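Notes for the structure review
Okay, here's what each chain looks like letter by letter:
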Amino acid sequence: QEVPDRVDEPMPLTRQVERWMRDMNILTSVGKALVAQLDGERVCTWAVEAAIYLSRADHAFLFLSGEAGEATLHLCASRGPHDRQVQYPEDALESNLVTEVARTGRTVFEPKGSDDATLAETVGHPLASTIALPLRWQRRVVGVLVVARDPGEPAFGEADVEWLSGLAEYTAIAVRNAQAYQQSALAASMPEETLSGLRQELDQLAAELRATSERVGRLAALLDQGNRE
């Protein structure tokens, strides 16, 4: 009988390493595609789809702040097991879980399930194992990525947190990159001071991308070394 295709279920070590290497390659490819995408809606779509694929989640939600940095994050994209494609509700939801992550800038991992009433109401039932990760840009949380499984499904593991942390880094860069591109389209009407600030931010985006890619590359090298040993 075939072993269920779950990262957190027991499987031979060699198969685990093969899975990790495959997911690492996918994360790297998705990350590069994300930061190269200049359409904000597509960035949201790919981030939600990638979160579900990498973590084998049943639900994924992407909350983002507006360009003015509103205190309340908007649910910009989501997908559940019964959705044929990513949904774009653009609702300002008062989620305690999302608010906590945005306030603290720390990942919240709830293996046994979340008691967040807002997310439960959104999907129609309480969520089981849940991970919520901050999207950071220049020490500011610009969004929150949430994944969850339905009741009865296996809990997420620490490996899921690692994959999603990498995805959250790429997504934050991609979101800001798309916003910067939209701003640059209006550059002709911008004062020189604003243009100078935009150029500096684009340079910072490039540096953040290099740092994230190097971190992911180091992890991939360690996994490859472990596989050969």
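Now for a look at the structure at hand. (Residues numbered from 1 in each chain as written. Predicted model: local features only at pLDDT ≥ 70, side-chain atom pairs only at ≥ 80, totals over all residues. Heavy atoms only, no water.)

1. Describing a negative patch on the surface
Counted only if it meets this: To count toward a patch, a residue needs a relative accessible area above 30% and no salt bridge. Like charges then connect within 9 Å, nonpolar side chains (Val, Leu, Ile, Met, Phe, Trp, Tyr) within 5 Å. Here, Shrake-Rupley sampling with a 1.4 Å probe gives the accessible areas, and only protein chains in the shown set may cover a residue. Any Lys or Arg side-chain nitrogen located within 4 Å of an Asp or Glu carboxyl oxygen qualifies as a salt bridge. Asp and Glu count as negative and Lys and Arg as positive, but His and the ends of the chain are not part of the count. The atoms used to mark charge sites are NZ of Lys, CZ of Arg, CG of Asp and CD of Glu. Numbering of helices and strands runs from the N terminus; a helix is a DSSP stretch of H or I covering at least four residues, while a strand is a stretch of E covering at least two. For every residue, the accessible area (1.4 Å probe, protein chains only) is compared with the maximum for its type, and the residue is labelled buried under 20%, exposed over 50%, or partly exposed between those bounds.
Together, Asp39, Glu41, Glu90 and Asp91 give the surface a local cluster of negative charge. Tracing the backbone through its elements, the reader meets Glu90 in the loop between strand 2 (74–79) and strand 3 (91–92). Overall, the relative accessible area of 58% leaves Glu90 in the exposed class.

2. Examining helix 3 (residues 96–104)
Our working rule: Within this analysis, the arc is defined by the directions that extend from the helix axis to the C-beta atoms. Working rule for contacts: check all heavy atoms of both residues, and any pair within 4.5 Å makes them a contact.
For helix 3, the complete set of buried residues consists of Leu97, Val98 and Val101. For helix 3, the arc enclosing every buried residue in end-on projection is 95°, short of the 170-degree limit, so these residues lie on one face. Turned more than 90 degrees off the buried face of helix 3, the exposed positions are Asn96 and Arg103. Here the buried face of helix 3 lies against strand 1 (59–64), strand 4 (108–110), helix 4 (117–123), strand 5 (130–137) and strand 6 (140–148). Of the residues one or two after helix 3, Gly105 is the one with positive phi, at around 70°.

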